[in-house]
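Understanding the architecture of this molecule
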Amino acid sequence: MTDEQEMIEKITKSEYKYGFVTDIETEIAPKGLNEDIIRLISKKKNEPEFMLEWRLKAYRKWLKMKEPHWAFLKYPPIDYQDQYYYAAPKQKKRPKSLDEIDPKIKETFDKLGIPLEEQERLAGVAVDAVMDSVSIATTFKGELEKLGIIFCPISEAIQKYPDLIKKYLGSVVPPGDNFFAALNSAVFSDGSFVYVPKGVRCPMELSTYFRINAANTGQFERTLIIADEGAYVSYLEGCTAPMRDEHQLHAAVVELIAHKDAEIKYSTVQNWYPGDEEGKGGIYNFVTKRGICLGDNSKISWTQVETGSAITWKYPSVILKGDNSEGEFYSVALTNNYQQADTGTKMIHVGKNTRSRIVSKGISAGRSNNSYRGLVKVLPGADNARNFSQCDSLLIGDQCGAHTFPYLEVKNPTAQVEHEATTSKIGEDQIFYLNQRGISTEDAVALVVNGYCKEVFQELPMEFAVEAQKLLEISLEGSVG
Amino acid sequence: MKTAQKEYQEAKEWYLKLFQQWRSQGQPPNGDPLSALRENAIKRFAELGFPHIRMEEWKYTSVEPIVRRRFSLEAPPAQVDAETLARFRYFEQTSIVLVFLNGRFQPEWSVIPRLPQGVIISDLLQAFKQHEALIKPHFARYLAYKDEAFAALNTAFAWQGIFVYLPSNIVLEQPIHLLNLAHPGGQEFAANPRYLFVLGANSQATILETHNFLNDSAYFYNQASEIVLQDGARLQHIKIQDDSRQSFRVTTTRVVQKNNSHYHAVSIDLGGLLVRNNLTVDLDGENSESHLYGFYLATERQHIDNHTNINHLKPYCDSNEMYKGILTDRGRGVFSGTIYVHRNAQKTNAFQSNKNLLLSKEAEIDTKPQLKIFADDVKCSHGATIGQLDEDALFYLRQRGIEETEAHVMLRYAFAADVFDKIGLPEIKEKLDNLLKERLEKTL
């Protein structure tokens, strides 16, 4: 028992590896939120008139909305007027090649383990790196352009492809969808835009790294991915953030649209700063992610590995509108110290023969609370809908909590819906078995936890799977027996 | 929205007014030992108002049909005869039968044979006069009437009910049958029956609650029960609810279990237009055990909602829960089950399952199994399924010359039997089987 406690002590002391601040000049708008700030953001980004209107409309809606409090989360009230809503690294021109990038920014990425050049050459990954709010470098653009794939910062897309933006932006997550989505719609700074044309299979994993840099800057990413008929795209999102004392607000919106026969695979590794061992600091992460299988036979798959943030509020969802469409959600959420996560998914079955699968693995350690919250809804027209959900929780230490809140709502007699959840402690006999074979308790825990999450990691693209596994090991460093 | 709000407000005022009238008429009669509690409860009800669907716990169940009606407190004087009663009897003459008509205890029709020394079965208010020391420490101690509007309403109006007390080491061989009959005679009335069962250390009892009706019209039972199981006590608690298809029912039950106690509940819901059962079990003693089983059959326009909460407060406790439902026609089922494990409740084993057969286009099921776990050395799981009869099983039966309708009944019966088999009263099995088969045949 004392061993165990010692281990728990150790684990709480394992430091956040990616906590550093890059010292570059940033241009910051004054604190607070009002129509003038929104006008300023829109102006800074050279947005067309319709975008400003869109933002203002969202803002006015947001003013009338209340912050939701139904999640199993406790945090001090957020003062929305005490946040910065715009910060951009000061740069005169957009760089034409990687060589033109501020060496310090490059260094930051190197510390994160994503040397751009190397990735360009070796990994075959196009990186649209977002530092604070402005995209800095995009690689592999040429190659993608040849295939007609658009992969660019959303700010650029707004200027270059207003028709696509008008058609799709807010079509899955309307500006008034929820409090945080409305806030994001009003002030979103930047993010990625992907359009894959008909019948094109994107030849590489598209990837973006988000980082929060300037202190107290809310990060409001907006991502929009459209896969046209028969297209396929896999998108990776990964984040780390520097050490901070004050809570940082993050309210992203991601929209996915899959047309007939299209497939979108969206993978996330989220490792925002979780706060220190006393629960001080850390990111507040309120994310709205939703995809729609618009056409028949389309597929959307979410995979997430959540290890960071002080507060996570995130429910990547799929609306299965097209007949025979498919939705998937694979999640690993790990909380430690005073972290709180309330995450899960929604699968809305609208079309016939729609299928969905949910695999969620929660791991709680320290004094953290980890909740799965999900909804499976089968509407009257969704004949032969199928759902399978598996939600497991693992508890490490006796001060943490693991909770499961699934909602199943079925209005069709041909539907088959199954939900299963288990909660247990890390297997003592498994640890013992590994110990016996000369593996230290610490390594044994990492091994067992990685095995427990395997089902989800398998869904991640290779490079990501490796990173995710490492992340889990770091987060569990010196873990218990 | 505004009109609904107004309706809720008016309904609340209706019950507040009823309360004032009732009190000013000097009710309940013959002196009231609970007057301070009533005042508190009605005050709480006035603050809470009726729950609405914007509340998480009432998301799937709208009590609007109850709110829209103006039930009177005066249960119509009902007549019953021995022959009629015999139809609703389950046991031989030797059992204890407590008859309630329209919620009122009928001592003249009830059968209470000689009881072992110290056992009390008494009218509620009577018990306050004769056994104050035994009833007072428990009455309204456990029910969360301060947070739940229906429990508050029941507490304010509670005067019809029963107090059962078993002293230590008494094993009551005969089951206690609470025979409820509604005989509304066209008058829409509300009853607030209240039960308190206290089982002393190492005592044992079986309680069978049945709810039936004599003529089909609207009435509203707002029942509340408190059950205390002292160290080592064992209770089997069976409920068979077969109310009128026009009636409303809210049942709030709270069970508190001490060390080594054992609670076994089977709840069968066949009747009622709108039924809501709130069952909360506190495992507040080490090595205690709780088994909750439920079956619901919602047909026509029935709405049956089961909310269960199992609170593991102490270490080494086990809980096991299985609820099954069949939904046809426009029937709607709701299940919400929470397993809560307190930080100190190490070595908890808690299992829960909810299985549903959804058999028609317009039927609906909303299920919400939940785990809230704060201790690490535990084994907890829950599962929920929604589906149809197994095509292969149907085919198998058809191949063997069994008609399709019969095959359907057989499979539905087998599905329900998982729960019915948990009723540990072999002498009434046949009667229950017939009841179930008859009902299932009607669903085809």
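About the thresholds
- Residues numbered from 1 in each chain as written.
- Chains lettered and ligands numbered in written order.
- Predicted model: local features only at pLDDT ≥ 70, side-chain atom pairs only at ≥ 80, totals over all residues.
- Heavy atoms only, no water.
- Helix = DSSP H or I, 4+ residues; strand = E, 2+ residues; numbered from the N terminus.
- Areas by Shrake-Rupley, 256 points an atom, 1.4 Å probe, with all protein chains shown as cover.
- Contact = heavy atoms within 4.5 Å.
- Buried area = accessible area lost by both parts, 1.4 Å probe.
- Salt bridge = Lys/Arg side-chain N within 4 Å of Asp/Glu carboxyl O.
- Polar contact = N/O pair within 3.5 Å; in protein donor to acceptor, adjacent residues only side chain to side chain.
- Nonpolar A, V, L, I, M, F, W, Y, C, P; charged D, E, K, R; others polar.
- Pairing = 2+ DSSP bridges.
- Buried < 20%, exposed > 50% of the residue type's maximum accessible area, 1.4 Å probe, protein only.
- Axes fitted to C-alpha atoms, helices over the stretch in contact; angles between N-to-C directions.
- Parallel < 35°, antiparallel > 145°, perpendicular 65-115°, else oblique.
- Left-handed = near helix turned anticlockwise from the far one by under 90°.
- Expected span 1.5 Å × (residues − 1).
- Arc of directions from axis to C-beta.
- Phe/Tyr/Trp six-rings, centres within 6.5 Å; stacked < 30°, edge-to-face > 60°.
- Lys NZ or Arg CZ within 6 Å of the ring centre and 35° of its normal.
- pLDDT = per-residue confidence, 0-100.

1. Concerning the overall build of chain B
For chain B, the count of helices and strands is ten helices and 20 strands. Surface accessibility of chain B: about 17400 Å² in total, with carbon and sulfur atoms responsible for 47%.

2. Some thoughts on the overall build of chain A
Along chain A, the regular secondary structure elements total 13 helices and 24 strands. In chain A, of all internal contacts separated by at least 6 residues, the share reaching a separation of at least 24 is 84%. Surface exposure of chain A reaches about 18000 Å², of which carbon and sulfur atoms provide 49%.

3. Topic: the interface of chain B and chain A
Each partner contributes to the interface: chain B provides 35 residues, whereas chain A provides 35 residues. Taking both partners together, chain B and chain A bury about 2800 Å²; carbon and sulfur atoms supply 48% of that area. Viewed at the interface, chain A and chain B are joined by three salt bridges. The residue Asp-383 of chain A makes a salt bridge to Lys-361 of chain B at a minimum N-O spacing of 3.2 Å. Taken together, chain B and chain A are joined by 17 residue pairs in polar contact (both at pLDDT 80 or more). Classifying every residue of the side of chain B that touches chain A by side-chain character gives 14 nonpolar, ten polar and eleven charged. Where strand E24 (residues 416–425) of chain A lies against strand E20 (residues 379–387) of chain B, eight bridges are found, and the strand directions are antiparallel. If you follow Ser-424 of chain A over to E20 of chain B, its bridge partner there is Lys-379 of chain B.

4. Thoughts on the pairing of E20 of chain B
Residue and element names in this part refer to chain B. Within E20, seven of the nine residues are buried, which leaves the element mostly enclosed by the surrounding structure. Relative to E20, strand E18 (residues 349–358) is paired through nine bridges, and the arrangement is parallel. Within the sheet, the bridge partner assigned to Asn-356 lies in E20 and is Ile-386.

5. Examining the packing of helix H10 (residues 428–436) of chain A against helix H11 (residues 441–452) of chain A
Residue and element names in this part refer to chain A. One can describe the packing of H10 onto H11 by two numbers: an axis separation of 9 Å at closest approach and a directional angle of 130 degrees. As the angle between them shows, H10 and H11 are arranged oblique. Crossing handedness for the pair H10 and H11: right-handed. Residue-level contacts link Gln-430, Ile-431, Leu-434 and Asn-435 of H10 to Thr-441, Ala-444, Val-445, Leu-447 and Val-448 of H11. In the contact of H10 with H11, the residues fall into six nonpolar, three polar and no charged.

6. What about unusual backbone geometry?
Following Gln-27 of chain B, the chain continues into Pro-28 of chain B via a peptide bond in cis, with omega recorded as -10 degrees. Looking at the secondary structure, you find Pro-28 of chain B in the loop between helix H1 (2–24) and helix H2 (35–48). Phi angles above zero are rare outside glycine, and Asn-324 of chain A is one such case at about 60 degrees. Inspection of the secondary structure puts Asn-324 of chain A in the loop between strand E16 (317–320) and strand E17 (326–335). Phi angles above zero are rare outside glycine, and Lys-347 of chain B is one such case at about 60 degrees. Within the secondary structure, Lys-347 of chain B sits in the loop between strand E17 (332–341) and E18.

7. Observations regarding the packing of helix H2 (residues 35–44) of chain A against helix H3 (residues 49–64) of chain A
Residue and element names in this part refer to chain A. Put simply, H2 and H3 touch, their axes get as near as 10 Å, and they point 150 degrees apart. Taken together, the axis directions place H2 and H3 in an arrangement best described as roughly antiparallel. For the element pair H2 and H3, the recorded crossing hand is right-handed. Residues Glu-35, Ile-38, Arg-39, Ile-41 and Ser-42 of H2 pack against Leu-52, Arg-55, Leu-56, Tyr-59 and Arg-60 of H3.

8. So, helix H10 (residues 429–442) of chain B
Three- or four-residue spacings in an α-helix give side chains the same orientation, since the helix completes a turn every 3.6 residues. All names here are of chain B. Across its 14 residues, H10 extends 20 Å between first and last C-alpha, which sits within 8% of the 20 Å expected from 1.5 Å per residue. Of all the residues in H10, the buried ones are Leu-432, Asp-433, Leu-435, Leu-436, Arg-439 and Leu-440. The arc that holds the buried residues of H10, viewed along the axis, is 165 degrees, so those residues lie on one side. Seen from the open side of H10, the exposed residues pointing more than 90 degrees away from its buried face are Glu-430 and Lys-442. On its buried side, H10 packs onto strand E10 (234–241), strand E14 (289–298), strand E16 (318–327) and helix H9 (404–420).

9. A word on the pairing of strand E4 (residues 161–166) of chain B
Residues and elements named next belong to chain B. In terms of residue burial, E4 counts as a mostly covered element, since six of its six residues are buried. Going residue by residue along E4, you find Gly-161, Phe-163 and Tyr-165 tucked away on one face and Ile-162, Val-164 and Leu-166 tucked away on the opposite face as well. Sheet analysis places strand E3 (residues 120–123) next to E4, joined by four bridges and oriented antiparallel. Following the sheet pairing, Asp-123 is matched in E4 by Ile-162. Pairing geometry for E4 and strand E7 (residues 194–199), over six bridges, is parallel. When the sheet's bridge partners are listed, Val-164 is paired in E7 with Phe-197.

10. Overview of the packing of aromatic side chains
Each aromatic ring pair is characterised by the separation of its centres together with the angle its planes make. Evaluated as defined, the whole model comprises 43 aromatic pairs over all chains. For the pair Tyr-15 of chain B and Phe-50 of chain B, a centre-to-centre distance of 5.6 Å together with 65 degrees between the ring planes defines the contact as edge-to-face. With a gap of 35 residues between them, Tyr-15 of chain B in helix H1 and Phe-50 of chain B in the loop between H2 and helix H3 (64–68) connect regions that are remote in the sequence. Classification of Phe-50 of chain B as buried rests on a relative accessible area of 3%. Ring plane angle 10 degrees and centroid distance 5.8 Å describe the contact between Phe-189 of chain B and Tyr-219 of chain B, whose orientation is recorded as stacked. Taken together, the residues span a long stretch of sequence, with Phe-189 of chain B in strand E6 (residues 189–191) and Tyr-219 of chain B in strand E9 (residues 219–229) at a distance of 30 residues. By way of ring pairs, the aromatic residues Tyr-59, Trp-62, Trp-70, Tyr-75, Tyr-80, Phe-179, Phe-180, Tyr-284, Phe-286, Trp-313 and Tyr-315 of chain A are connected into one cluster. A cation sits over an aromatic face here: Lys-431 of chain B above Tyr-90 of chain B, 4.8 Å from the ring centre. Sitting over the ring of Tyr-413 of chain B, Lys-437 of chain B keeps its end group 4.9 Å from the ring centre.

11. Considerations on the confidence of the model for chain A
All names here are of chain A. Residue-level pLDDT values for chain A average 81, and 78% of them are 70 or greater. pLDDT under 50 marks residues 118–125. Its contacts with residues more than four places away, or in other chains, come to 18 contacts. The model gives residues 210–217 a pLDDT under 50, and that stretch makes 57 contacts with residues more than four places away or in other chains.

12. Observations concerning the side chain of Arg-89 of chain B
Residues and elements named next belong to chain B. As for its position among the elements, Arg-89 is in the loop between helix H4 (82–88) and strand E1 (96–101). Assessed through its relative accessible area of 16%, Arg-89 is described here as buried. Discounting residues that sit within four places of it in the chain, Arg-89 has contacts with Val-97, Val-111, His-177, Leu-179 and Lys-431.

13. What to know about the side chain of Thr-210 of chain B
Here Thr-210 of chain B lies in strand E8 (residues 204–213). Excluding its chain neighbours within four sequence positions, the residues that come into contact with Thr-210 of chain B are Tyr-90, His-177, Leu-178, Leu-179, Asn-180 and Ile-240 of chain B.

14. Concerning H2 of chain B
Residues and elements named next belong to chain B. The terminal C-alpha atoms of H2 lie 20 Å apart, and with 14 residues this matches the ideal 20 Å at 1.5 Å per residue to within 8%. For H2, the complete set of buried residues consists of Leu-37, Arg-38, Ala-41, Ile-42 and Phe-45. The buried residues of H2 occupy an angular sector of 125 degrees when the element is viewed end-on, so they sit on one face. Relative to its buried face, H2 has exposed residues pointing more than 90 degrees away, namely Ala-36 and Lys-43. Just beyond H2, the residue with positive phi is Gly-49, at close to 70 degrees.

15. Looking at the pattern of salt bridges
Residues and elements named next belong to chain A. Under the definition given, this model contains 47 salt bridges over all chains. One salt bridge connects Glu-459 with Lys-265, and the closest N-O pair in it is separated by 3.9 Å. Of the two residues, Glu-459 sits in the loop between helix H12 (454–457) and helix H13 (462–475) while Lys-265 sits in strand E12 (residues 263–271), which places them 194 residues apart along the sequence. The shortest N-O distance in the salt bridge between Glu-455 and Arg-357 comes to 3.5 Å. Of the two residues, Glu-455 sits in helix H12 while Arg-357 sits in strand E20 (residues 355–365), which places them 98 residues apart along the sequence. A relative accessible area of 31% means that Glu-455 is categorised as partly exposed. Judged by its relative accessible area of 32%, Arg-357 falls in the partly exposed class. Three or more residues are tied together by salt bridges with common partners; here these are Glu-35, Asp-36, Arg-39 and Arg-60.

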